[in-house]
Amino acid sequence: MKLSGWGNFPVVDCQLSRPRNEEELANAVMASRAIARGNGRAYGDSALSRTNTIDMRKFNHMLSFDPETGQLVAEAGVLLSDIIAAFLPRGWFPAVTPGTRFVSLGGMVAADVHGKNHHIDGSFGNCVDWLDVMTPDGEIMRCSRAENTELFEWTMGGMGLTGVVLRVALRLRSVETGWIRQTTHVAQNLDDAIDLFEDTLDATYSVAWIDCLSTGETLGRSLVMLGEHATLDELPGTCRANRFPSVTAQKLGVPFNLPGFCLNQYSVRAFNALYYWNGQRGDTTSYVNWNSYFYPLDSIRDWNRIYGRKGFAQFQCVLPLDSARAGLNEMLKEISESGRGSFLAVLKRFGQQDSRFSFPMEGYTLALDFPMSDRSVSLIQKLGQMTAAHGGRIYLAKDSIMDAQSLRATDATRVSEFERIRHNSGAAERFASVQSERLKL
Amino acid sequence: MSIGPVLILGARSDIALATAHSYAELGHPIQLAARKSETLQTAKEDLEIRYQVQVTLHDFDVLDLENQAEFIDALPELPEIAVCAVGVLGDQDSDEQDHLAAVQVMRANYEGPASILALLANRFEQRGSGTLVGISSVAGERGRATNYIYGSAKAGFTAFLSGLRNRLANTGVHVVTVLPGFVDTKMTENLDLPNKLTAQPSEVGEAIVRATRKHKNVIYVKPIWALVMTVIRYIPEPLFKKMRI
């Protein structure tokens, strides 16, 4: 069947199986080179295999929860949205969450996802206690920081190429309410935004929306949004009455693929309205419910369709601290001159991270969408070269464009180590995605 | 609506488990009944962790008619709602050549389900309250060459439910007939189903909960099926017998 990632590009005809138990899964793994697929939220071709894509969503049971430690053990096909639905009313929230709650636990492990709190709490791997992984021989191996360490470390961020993640033990964070105290700061340009990030490193959550069309003095003008979990006492009465707000039904939806030009018109207006509103009011503080704070796009069902039938590509890089300022200015200039990118980009400060193959490193990460076209592809390639030149990395969960050479230009040492590990464990013969083949991993 | 226990008969199927999730989400304790019920331990724990409701497992074989009354007596509590999700599709082609296998399909889809609901109906009637939900099939609306063994049994089950509803109309006991159409389940995973006509198990579960709350009598999970089946019912027999649908 035809499958794609969230970006609707590339669309690939894939053989898909849907195992329901470990035996069926082992049979699928042993059949031919395979890749596990969760809820299809990687943007590109990370979870596609022409001959053997394994849909893991039948493995969707929660297995145990310890209210003393907040440790939840669940199968890899469980979605983050299910975890929030079950545990937020009891005062628990994911310790690390990406920008959509419709990701599977297996996918979160494979991409070692990050959230707006990376500078404080690190990536998803930091709240994972152990994993059960189906290895190339079809056996299940428990791995953690204490046992089978190598498997654990390389599976976290290993894009499903070391084995199939079957069970995850993760720690949730205890929260007093489902509300976030959000403070919005206006930054006149990119340097201003970076200064703001550096001055607010103690904020739990931080992220910036950048206007990609502004140029010159205002290149990179942005809204920097900081957030803290609100306590019950500080909440205004209306919020306090609804301590753990539930997800209201999705009212908005994108029923079919829109022609590409719609997108920028909407987002331009929305951003401008916000920017000037905030600019006039000065720094503003408000209480926002968890869903609109962490998952603003989730409430627009199928938002990926706004890019039309050709789909889109997302570019996300991270640049190390010392070259971030120069590198990002250069990139934004390139993007605004091209007029190709989405109107909005997302900028985020990463904290330190030591991991084998995960994306984050201490520095700044920039993410934006491009409607799929030849010119977008060449711009993304150019941005990739700039990333390499500044010592940065590309996020594989978003990538659908890079080639083997440009991956090695950004990440040579880690890539060759990853290849060695995969070769030694037999994973190289057993696990492959369209992406790993493109990148010759 | 009170949140008394919900008994799910044939609890291993995708539709049955999805229905259990939908009721548990509202806080109903769940009684899962199936053959070899100990294999539903993971499903039980999943429901308990997610919804903090009590879930119990019960061995139940729909064709073991002699022990059905005993099965009901052994439940921790007479359920408020009983959902019968028992059913087997069979293999039409081979069952055509093996009449005893065909009879097994008929019994599992009609005789067994009707029998257990008959017993539950009497207990509910005596109590003066309760809801019985029978998951039947659009296949029972008109016999077709490709699945008439299964379909005929479902036709019988549908008629049984309709009669039961009629009988119990003024007793405080309500009967819901569910005609799901195509559903993306293990039962149908080898069939090539049209997307627009195919429901997810969770949609069936939600539709069943809605139907019990609103006292619906007969529901199609996807409304389009009401139209499809109306058309199929009205095709004149001389024409219908020559069609392959």
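Residues numbered from 1 in each chain as written. Chains lettered and ligands numbered in written order. Predicted model: local features only at pLDDT ≥ 70, side-chain atom pairs only at ≥ 80, totals over all residues. Heavy atoms only, no water.

### Focus on the overall build of chain B
The helix and strand inventory of chain B stands at nine helices and nine strands. On C-alpha atoms alone, chain B measures out to a radius of gyration of 18 Å, which is about the 18 Å that the 2.2 N^0.38 rule sets for 245 residues. Summarising its shape, the C-alpha atoms of chain B cover approximately 50 × 35 × 35 Å along the three principal directions. Within chain B, buried positions represent 49% of all 245 residues. The long-range share in chain B, meaning contacts at least 24 apart out of those at least 6 apart in sequence, stands at 71%. Summing over all exposed atoms, chain B offers an accessible surface of approximately 11700 Å²; the carbon and sulfur share of this is 52%. (Helix = DSSP H or I, 4+ residues; strand = E, 2+ residues; numbered from the N terminus. Rg over C-alpha atoms; globule rule 2.2 N^0.38 Å. Buried < 20%, exposed > 50% of the residue type's maximum accessible area, 1.4 Å probe, protein only. Contact = heavy atoms within 4.5 Å. Areas by Shrake-Rupley, 256 points an atom, 1.4 Å probe, with all protein chains shown as cover.)

### Describing the state of the cysteines
Residue and element names in this part refer to chain A. Under the counting rule described, the total for this entry stands at zero disulfides over all chains. You can see cysteine 212 has no disulfide; the closest cysteine sulfur is in cysteine 317, sitting 12 Å from it. Looking at cysteine 212, the relative accessible area reads 2%, which means it is buried. (Disulfide = S-S within 2.5 Å.)

### A short note on the interface of chain A and chain B
Each partner contributes residues to the interface: chain A has 16 residues there, and chain B has 13 residues. For the pair chain A and chain B, the summed buried surface comes to about 1100 Å²; carbon and sulfur atoms form 41% of the total. The largest per-residue losses of area from chain A upon contact with chain B belong to Arg20(A), Met62(A) and Arg90(A), which jointly make up 46% of the total buried on that side. There are five salt bridges connecting chain A and chain B. Residue Lys186(B) is joined to Glu24(A) by a salt bridge in which the shortest nitrogen-to-oxygen separation is 4.0 Å. Those elements that place two or more of their residues in the side of chain A that touches chain B are strand 6 (62–66), strand 7 (71–75) and helix 2 (80–87) of chain A. Considering each element in turn, the side of chain A that touches chain B owes the most residues, four residues, to strand 6 of chain A. (Buried area = accessible area lost by both parts, 1.4 Å probe. Salt bridge = Lys/Arg side-chain N within 4 Å of Asp/Glu carboxyl O.)

### Description of the sheet that holds strand 3 (residues 55–59) of chain B
Residue and element names in this part refer to chain B. Taken in spatial order, the seven strands make up an open sheet running 3-2-1-4-5-6-9, and their pairing is parallel. Taken across any chain shown, the strands that pair with only one partner, and hence form the sheet edges, are strand 3 and strand 9 (218–220). The average angle at which neighbouring strand axes cross in this sheet is 20°, direction not considered. Pairing of strand 5 (residues 130–135) with strand 6 (residues 173–179), which is carried by six bridges, proceeds in the parallel orientation. (Pairing = 2+ DSSP bridges. Axes fitted to C-alpha atoms, helices over the stretch in contact; angles between N-to-C directions.)

### A few points about the domain arrangement of chain A
Where interface size is given, it is often the accessible area lost as the parts come together that is meant. All names here are of chain A. Domain assignment breaks chain A into domain 1 (2–55 + 425–438), domain 2 (62–174) and domain 3 (179–245 + 253–394). Together, the buried faces of domain 2 and domain 3 total about 2500 Å²; carbon and sulfur atoms form 60% of this surface. On the domain 2 side of the interface with domain 3, the three residues burying the most area are Lys116, His118 and His119, jointly 29% of the side's total. Along the contact surface separating domain 2 from domain 3 lie two salt bridges. (Domains from an automatic or database assignment.)

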